[in-house]
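# Reading the structure
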Amino acid sequence: MVFVVILLGAPGAGKGTQAERLAQRSSLPHVSTGDLFRANLSEGTELGKTAKTYMEAGNLVPDEIVLGMLFDRVAQPDCHEGYLLDGFPRTLPQAEAFDSKLDAGTNLVVFNLAVSDATIVKRAAGRLLCKACGNIQHAEFSPPKKDGVCDRCGGELHQRADDRPEVVRERLSVYHAETAPLVRHYENKGVLVSIDGERAPDEVFQDLDSRLEEHCQEGGPEARV
Ligand code: AMP
C-alpha cells in the first residue's frame, strides 16, 4: 500500500525543516515542489525560467506546470512505496487533481502546521538557506557558527529572494486565499491532523513523529482515500 504524507502550512511554517526530519525518520523520500523549482532555476531549465517570475513576485506557479512536474517526480521508482509532500498541494485544483491520481487504498495523512501570520513574518525575515545543500538555518533561532556559512556543509548561506518582507506579505495573502481552504478539504476527508507549529522545531518534530507513529498503528479505513 502506498503511504503519502502531506505537510500543509503557510510559507515559513516549518514545512521544509520538519519534512526533512520526518523523511529521514520514516525513510520516505522528501518531495518539495519549491526545491524542485529552485533546482530547475539553478540549472537554468525552461521550467526554472518560467517559475522564476512567479516565485520572485510571491505568486504561485500555475497549476498545470506544478502538476506536470510533481506527477513526473512521484512516478520515479523511489516513490513507489510512498513519499512525503512539502509545499504541494497549494490550491484546490492541485489537491483535486492529486486526489484523483491516488490509487484506491492509498494511506494518506495530512499534517497542518498551524502558525500565526506574525510568527511567519518574523521567521521569514531571518531564514537562511544553504546554496549548496539546501540546509535551512535562522539568523536568530539557529544562527550559523560562522557568519554566512552553512553549519552542515560549509556552503554559502543566503536569504531567499522570496523571503523579503514585501514578498512574504504577498505570499501570505496568496496562502490565505488559495491554500488555507485545503485544511477544510482534507478535514472533510477525515485525514487531517492539526499540529501547533508555533513551538520550537524539536518539539514540533516530536509531536509530528508521535502522531505519525499513531497513524501507522491505527491505519484504519478512515486513514485511507
Ligand atoms: P516553497 O519553497 O515551498 O516556499 O516554494 C517556493 C515558491 O515556489 C512558492 O512561493 C511558489 O512560487 C512556488 N511553488 C512551490 N510549490 C508550489 C505549488 N504547489 N503550487 C504553486 N507554486 C508553488
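Because the structure is predicted, anything quoted here is derived from the model rather than measured.

The next subject is the site of the ligand. Within the structure, the ligand sits among 16 residues, and T33, R38, N59, G87 and Q94 are positioned closest to it. Between the ligand and the protein, one listed contact pairs an oxygen atom with a backbone N or O atom of N59 at 2.6 Å. Within the side chain of Q94, one N or O atom sits 2.9 Å away from a nitrogen atom of the ligand. Notes on the ligand: free accessible area 480 Å², of which the protein chains cover 96%. In terms of residue class, the shell around the ligand is made up of six nonpolar, five polar and five charged.

This paragraph deals with the sheet that holds strand β3 (residues 82–86). Strands sit in the order β2-β3-β1-β4-β8 across an open sheet of five strands; the sheet is parallel. Of all the strands in the sheet, just β2 (30–32) and β8 (192–196) have a single pairing partner and so form its edges. Between one strand axis and the next, the sheet turns by 20° as a mean value, whatever way the strands run. Where β2 meets β3, three bridges bridge the pair, whose relative direction is parallel.

Strand order in this open sheet of three strands is β6-β5-β7, and the pairing throughout is antiparallel. Looking at the sheet topology across the chains shown, the edges are occupied by β6 (136–138) and β7 (157–158). Where strand β5 (residues 127–130) lies against β7, two bridges are found, and the strand directions are antiparallel. Looking at the pairing, C130 lines up with L157 of β7.

Glancing now at the layout of surface pockets. Its boundaries defined by the atoms lining it, the second largest pocket holds a volume of some 210 Å³. For the second largest pocket, the full set of lining residues is V2, F71, V74, A75, C79, H80, Y83, F98, K101, L102, D103 and T106. Secondary structure elements with two or more residues in the lining of the second largest pocket: α4 (63–74) and α5 (92–101). For the lining of the second largest pocket, the residue count by class is eight nonpolar, two polar and two charged.

About the cut-offs
- Residues numbered from 1 in each chain as written.
- Predicted model: local features only at pLDDT ≥ 70, side-chain atom pairs only at ≥ 80, totals over all residues.
- Heavy atoms only, no water.
- Near = heavy atom within 4 Å.
- Polar contact = N/O pair within 3.5 Å; in protein donor to acceptor, adjacent residues only side chain to side chain.
- Areas by Shrake-Rupley, 256 points an atom, 1.4 Å probe, with all protein chains shown as cover.
- Nonpolar A, V, L, I, M, F, W, Y, C, P; charged D, E, K, R; others polar.
- Pairing = 2+ DSSP bridges.
- Helix = DSSP H or I, 4+ residues; strand = E, 2+ residues; numbered from the N terminus.
- Axes fitted to C-alpha atoms, helices over the stretch in contact; angles between N-to-C directions.
- 1 Å grid on protein atoms, 1.4 Å probe; cavity = no way out; pocket = protein on both sides within 12 Å on 5 of 7 lines; lining within 4 Å.
- Points joined across faces, edges and corners; volume = space filled by probe spheres on them.

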